[in-house]
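Each chain is listed here by its residues.
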Amino acid sequence: MTEIPKSHPRYASLVARERVAEGVKRGYTSTQGLIAQGRGECFDYLLGERTTPSAATAIRAAAALLLLAKRPAISVNGNVAALVPEEMVALAKILNIPLEVNLFHRSEERVKRIADLLREKGAEEVLGERPDASVPGLDHARSLATRGGIYDADVVLIPLEDGDRCEALLSMGKKVIAIDLNPLSRTARKATVSIVDNILRAVPQLTEEIRKLSMNPKADLQRMVQEYDNEKALREAAKEIQKNLKEQFEEQL
Ligand code: PTJ
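Note that the coordinates shown come from a computational prediction; the quantities given were computed from them, not determined experimentally.

Undergrad: Just give me the short version of the site of the ligand, but keep the residues and values in it.
TA: Around the ligand there are 25 residues in total, and F104, H105, R110, R142 and D180 lie nearest to it. H105 is positioned with one of its backbone polar atoms (N or O) 2.8 Å from an oxygen atom of the ligand. In this structure, L181 approaches the ligand through a main-chain N or O atom, which is 3.1 Å from a nitrogen atom. In isolation the ligand offers 740 Å² of accessible surface; the protein chains occlude 95% of this area. Contributing elements (two or more residues each) for the shell around the ligand: α2 (32-47) and α4 (78-83). In terms of residue count, the dominant contributor to the shell around the ligand is α2 (6 residues). Tallied by class, the residues present in the shell around the ligand amount to 7 nonpolar, 11 polar and 7 charged.

The structure is reproduced here in C-alpha cells:
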C-alpha cells in the first residue's frame, strides 16, 4: 500500500482509498467497488467527515434493534471486507452470530477469499460459501442466502449496498439496518434504520453501543426502536449536508 503520512490533511480518506484499492489487488473487492468508494467519499465530504447527531441516533436505534433480535444476521461484501474486516468480526462476536458473505458481483473465488480473510481476522463462523436458499423477488446473485443466516434472520445488517435487496428482505418480514453515506440511496430510504455515516466510524460505534446497551431492560430497547423515525433521520442528514456546505462557503467569503 502507498505510505500516507499521518500529517496529510486527508489522511483518513486516503487510507480508506488505499484499503479498497488493496482489496481489489488481493481479490476481495470488485473493481466496481472502487467507484462505490468514490461515491461514498463524496457524501462523506458533504457531511463533514464526522458522525452527525442523526447518525449517532441511528446507531443507537440499530444497536437496540440488534439486541432485541431473535436471529440477527450481518452481510459482508467486497468493500466491507476491505475497509473493516476486524471491526465486522468484533461486531459479530459481541452479538454471538456468524458473518455472511453476500456479493452482487459474485464469483466463488471472491467469496472464498473474503471468508478466509474474516476467518484470519478471528471470525468463528462465516456463512455464504454454500448458500442453500434464495431471497424471493431478486434475479441477481445478491438473492443467494444461507439458512441459519440471512435467510432465517429477523434483523439483517446490510452495509454499503444500494439496490433492491433491502426491499426484498423487508418483503420477507425482516427488519433491515443499512450503513450508507448516501441518504438518497434506495436502500437508505427503505431500510428500517439507516446509518448515514462512514462504515469506518459507524461499525466501531455500533459495537460499543451494543456493549453499553446490553444490560438495559428490554422495554428500554423497545422504546428506543419505537421512537426512532428513519424518514426524520434522513431529513436531518440532508440538513446536515446543507448546513455544512453553507458554513464552508461562509468561512471562505
Ligand atoms: O462486493 P460486491 O460484489 O457485493 O459489490 C459491492 C458494491 C459496493 C460494489 C456494490 O454493492 C455496489 O455497487 O454498491 P452501490 O450501489 O455503489 O452502493 C454502495 C453504497 O455505499 C453507495 O450508496 C455509497 O454511497 C455507499 N458507500 C460507499 N463507501 C462507503 C459507503 N457508505 C458508508 N461508508 C463507506 N465507506
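Undergrad: Explain helix α9 (residues 199-213) residue by residue, including any values.
TA: Along an α-helix, a turn takes 3.6 residues, which lines up residues three or four apart on a common side. Between the first and last C-alpha of α9 there are 20 Å, a value that for 15 residues agrees with the 21 Å anticipated at 1.5 Å per step. Along α9, the positions that sit buried rather than exposed are I199, A202, V203, L206, T207, E209, I210 and L213. For α9, the angular spread of the buried residues around the axis is 160°, confining them to a single face.

Undergrad: So what about the side chain of S75? Which residues, and what values?
TA: Considering the arrangement of structural elements, one finds S75 in strand β1 (residues 72-76). You can call S75 buried: its relative accessible area is 3%. In this structure the side chain of S75 is engaged in a polar contact, spanning 2.7 Å, whose partner is the side chain of R165. With near-sequence residues (within four places) excluded, S75 lies in contact with M88, E100, N102, I150, L157, I158, P159 and R165.

Undergrad: Lay out the side chain of R165 in plain terms, naming residues and giving numbers.
TA: Among the structural elements, R165 can be located in helix α7 (residues 165-171). Overall, the relative accessible area of 0% leaves R165 in the buried class. Reaching out from R165, the side chain makes a polar contact with the side chain of N102 at a distance of 3.5 Å. Discounting chain neighbours no more than four positions away, the residues touching R165 are S75, N102, L138, R142, I150 and I158.

Undergrad: Can you explain unusual backbone geometry? Please cite residues and give values.
TA: A positive phi angle, close to 60°, is found at N96, a residue other than glycine. In this structure, N96 sits in the loop between α5 (85-95) and β2 (99-101). A residue is classified by how much of its surface remains accessible, and N96, at 66% relative accessible area, is exposed.

Rules and cut-offs
Residues numbered from 1 in each chain as written. Predicted model: local features only at pLDDT ≥ 70, side-chain atom pairs only at ≥ 80, totals over all residues. Heavy atoms only, no water. Near = heavy atom within 4 Å. Polar contact = N/O pair within 3.5 Å; in protein donor to acceptor, adjacent residues only side chain to side chain. Areas by Shrake-Rupley, 256 points an atom, 1.4 Å probe, with all protein chains shown as cover. Helix = DSSP H or I, 4+ residues; strand = E, 2+ residues; numbered from the N terminus. Nonpolar A, V, L, I, M, F, W, Y, C, P; charged D, E, K, R; others polar. Expected span 1.5 Å × (residues − 1). Buried < 20%, exposed > 50% of the residue type's maximum accessible area, 1.4 Å probe, protein only. Arc of directions from axis to C-beta. Contact = heavy atoms within 4.5 Å.

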